[in-house]
Amino acid sequence: MPDFRLQVFQAVARHLSFTKAARELYISQPAVTKHVRELESAYQQRLFERRGNRISLTAAGALLLAHADEVEARHEQLAEQLRALQGEAAGRLRLGASTTLAQYELPALLPGFQARYPQIELTLRNANSEQIAEALLAGQLDLGFVEGRAKSRDLHYEPLLADELVAVRRATPAGPPPAPLPLTEALAHPLVLRERGSGTLEVLEFALREQQIRLADLRVAFYFDNTEAIKTYLEAAPEALGFVSRRALTRELAAGRLELVPLAGLHLPRQFEALWVQGQPLSRPAELFWRYVRQQYG
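(A) Spatial organisation of the overall build of the protein chain. Helix and strand counts for the protein chain stand at twelve helices and 13 strands. Dimensions of the protein chain, computed from the C-alpha atoms along their principal axes, are close to 70 × 50 × 35 Å. Counting across all 298 residues of the protein chain, residues that qualify as buried make up 45%. A separation of at least 24 residues holds for 73% of the contacts in the protein chain among residues at least 6 apart in sequence. Of the accessible surface of the protein chain, which amounts to about 16,100 Å², a share of 51% is contributed by carbon and sulfur atoms. Looking at the protein chain, you have 35 positive and 35 negative side-chain charges, and the mean spots of the two groups are 2 Å apart.

(B) Geometry of unusual backbone geometry. Unusually for a residue other than glycine, Tyr26 sits at a positive phi of about 60°. Locating Tyr26 in the fold gives a position in the loop between α2 (18-25) and α3 (29-43). Of the residues examined, Tyr26 reaches a relative accessible area of 77% and is grouped as exposed.

(C) Structural view of the pairing of strand β13 (residues 268-277). Within β13, eight of the ten residues are buried, which leaves the element mostly enclosed by the surrounding structure. Relative to β13, strand β5 (residues 143-147) is paired through four bridges, and the arrangement is antiparallel. By the bridge assignment for β13, Val146 is matched with Glu273. Examined bridge by bridge, strand β6 (residues 155-170) and β13 share ten bridges and lie antiparallel to one another. Its bridge partner being in β13, Ala162 is matched across the sheet by Gln271.

(D) Focus on the side chain of Lys231. With respect to the secondary-structure elements, Lys231 resides in helix α10 (residues 227-236). Of the residues examined, Lys231 reaches a relative accessible area of 3% and is grouped as buried. When sequence neighbours within four positions are dropped, the list of residues in contact with Lys231 reads Tyr104, Ala248, Leu249, Glu252 and Leu258.

(E) Region of the structure containing helix α7 (residues 129-137). Among all positions in α7, only Ser129, Ile132, Ala133, Ala135 and Leu136 are buried. The buried side chains of α7 occupy one side of the element, clustering within an arc of 165° when seen end-on. Capping the start of α7 is the job of one residue whose side-chain oxygen sits 3.1 Å from the backbone nitrogen of Glu130: Asn128. Positive backbone phi, approximately 75°, marks Gly139, located one or two places after α7.

(F) Inspection of the environment of Gly91 at higher detail. Relative to the helices and strands, Gly91 is located in strand β3 (residues 91-97). Overall, Gly91 belongs to the buried group, its relative accessible area being 8%. Spatially, the C-alpha atom of Gly91 lies 9.3 Å from that of Ser283, the residues being 192 residues apart in sequence.

(G) Broad picture of the side chain of Thr58. Here Thr58 lies in the loop between β2 (54-57) and α4 (59-85). A polar contact of 3.0 Å, which involves the side chain of Thr58, links it to the backbone nitrogen of Gly61. Those residues in contact with Thr58, other than ones at most four positions away along the chain, are Arg46, Leu47, Phe48 and Glu49.

(H) Region of the structure containing the nonpolar core. Residues Leu93, Leu95, Phe113, Leu143, Phe145, Phe289 and Trp290 are the most contacted members of the largest nonpolar core, which totals 26 residues. Elements represented by at least two residues in this core include exactly β3, α5 (99-104), α6 (106-116), β4 (120-126), β5, β6, β13 and α12 (284-296). A total of six residues in this core trace back to one element, the largest contributor, which is α12. In this structure, Leu143 is in contact with Arg94, Leu95, Gly96, Leu136, Leu275, Trp276, Leu282, Ala286, Phe289 and Trp290, ignoring residues within four places of it in sequence. Leu191, Leu201, Ala207 and Ile213 belong to the second-largest nonpolar core, a separate cluster that totals 22 residues.

(I) Broad picture of the packing of α2 against α3. Two numbers describe how α2 lies on α3: the axes approach to 8 Å, and their chain directions differ by 105°. Our classification of the angle between α2 and α3 gives roughly perpendicular. Contacts between α2 and α3 involve Phe18, Thr19, Ala21 and Ala22 on the former and, on the latter, Gln29, Val32, Thr33 and Val36.

(J) Layout of the pattern of salt bridges. Using the criterion set out here, one finds 24 salt bridges in the structure. Lys34 is the salt-bridge partner of Glu38, the closest N and O atoms lying 2.7 Å from each other. One end of the pair is Glu38 and the other is Lys34, both in helix α3 and four residues apart, which spans about a single turn. Of the charged contacts, one joins Glu259 and Arg169 as a salt bridge, the two residues approaching to 2.8 Å between their closest N and O atoms.

(K) Broad picture of the packing of aromatic side chains. Scanning all chains against the criterion turns up eleven aromatic pairs. Where Phe113 meets Tyr117, the ring centres are 5.0 Å apart and the plane angle is 50°; that geometry is what we call tilted. Tyr117 matches Phe113 in its accessibility class, with the two residues each being buried. One aromatic cluster in this structure is built from Phe113, Tyr117, Phe145, Trp276, Phe289, Trp290 and Tyr292. Directly above the ring of Tyr157 sits Lys151, whose terminal nitrogen or CZ lies 5.2 Å from the centroid.

The rules behind these values
Residue numbering note: each chain is counted from 1, following its sequence as written. Since the coordinates come from a predicted model, pLDDT governs what is reported: local features require at least 70, and pairs of side-chain atoms require 80 or more to be given and counted, while whole-chain, interface and lining totals use all residues. Derived side-chain values reflect all non-hydrogen atoms in the structure, with water molecules and hydrogen atoms excluded from consideration. Where helices and strands are cited, they refer to DSSP runs of H or I of at least four residues and of E of at least two residues respectively, numbered from the N terminus. When a residue's accessible area, from a 1.4 Å probe over protein chains only, is under 20% of the maximum for its type it is buried; when over 50% it is exposed; and in between it is partly exposed. Two residues form a contact once any of their heavy atoms are found within 4.5 Å. Residue burial considers only the protein chains on display, and all accessible areas are found by Shrake-Rupley using a 1.4 Å probe. All tallies of charge rest on Lys and Arg as positive and Asp and Glu as negative; His and the ends of each chain are not included. Where a charge lies is defined by one atom per residue type: Lys uses NZ, Arg uses CZ, Asp uses CG and Glu uses CD. Any two strands between which DSSP finds at least two bridges are classified as paired. Taking the helix axis as origin, the arc is that swept by the directions to the C-beta atoms. Whenever two N or O atoms come within 3.5 Å, that pair is a polar contact, provided that in protein one can donate a hydrogen and the other can accept it, and provided that, for residues adjacent in sequence, both atoms are side-chain atoms. Definition used in this section: a nonpolar core is a set of buried Ala, Val, Leu, Ile, Met, Phe, Trp, Tyr and Cys residues joined via side-chain atoms within 4.5 Å. Under this scheme, a helix contributes an axis fitted over its contacting stretch, all axes are lines through C-alpha atoms, and angles between N-to-C directions fall in the 0 to 180 degree range. Roughly parallel here means an angle under 35 degrees, roughly antiparallel means over 145, roughly perpendicular means 65 to 115, and every remaining angle is called oblique. We define a salt bridge as a side-chain nitrogen of Lys or Arg found within 4 Å of a carboxyl oxygen belonging to Asp or Glu. Each Phe, Tyr or Trp ring (for Trp, its six-membered ring) is paired with any other whose centre lies within 6.5 Å, and the angle between the two planes then decides the class: stacked below 30 degrees, edge-to-face above 60, tilted in between. Criterion for a charge above a ring: Arg CZ or Lys NZ at most 6 Å from the ring centre, at most 35 degrees from the ring normal.

See the structure below:
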């Protein structure tokens, strides 16, 4: 089993934060500091440069991180092969998903998968599409789920589920459904959008570009890193207009807190996709989860 001090070091290197590493590992920050100092003492090398509240890897730290990641991967490979000899569906499965999927789709599937494969240890990281791709390439995730148009040649993509972005605003008093708004009129409203690197913003920006409209020319009131914040903002800002997944609006539309705004001349379909590292076979737990997800979505 890999040295726990290496796991602590990897967490600090991943977050470049002792506090976030402690939170991830459920240990105290002084314990994180102690483990890192023990490694620095053992190797007679400084692993992090400390400048005020910021830290960065030294050359020795970067070298140790590469070897620590390799040790972790080899250990997991060995453990998986040993379990395979016994015919067990067990092991660790590190999932990553962009916000819409992590908040509104995958959580409902996890209990059923856990009931079917109780020996598989699941974790789910919520980040934007760009960050999920980076984590897969860094070996920090086994299987990812994203939306968006950008593709990396180093990753393999498989279609999963169709989705649509819609314009939404705070609900107006009861009456007939809103008539379609001309696009120029809609975009004159203060806009509430997802952050750079998100698949949601990427789809919207691409569609606007096809209409010869630059995002930089529009009045953006706020960029948020999650859909829930956008919806809460819209409920408090009657003049604002947001763009989110239709799948994220079920409760708010039913409760009459938000309403869809049809836009003339703008349709925003997108595709949710699974992805993993190109040329690398899925681990047994990842393969089982991908098969299970496809069964659930028919």
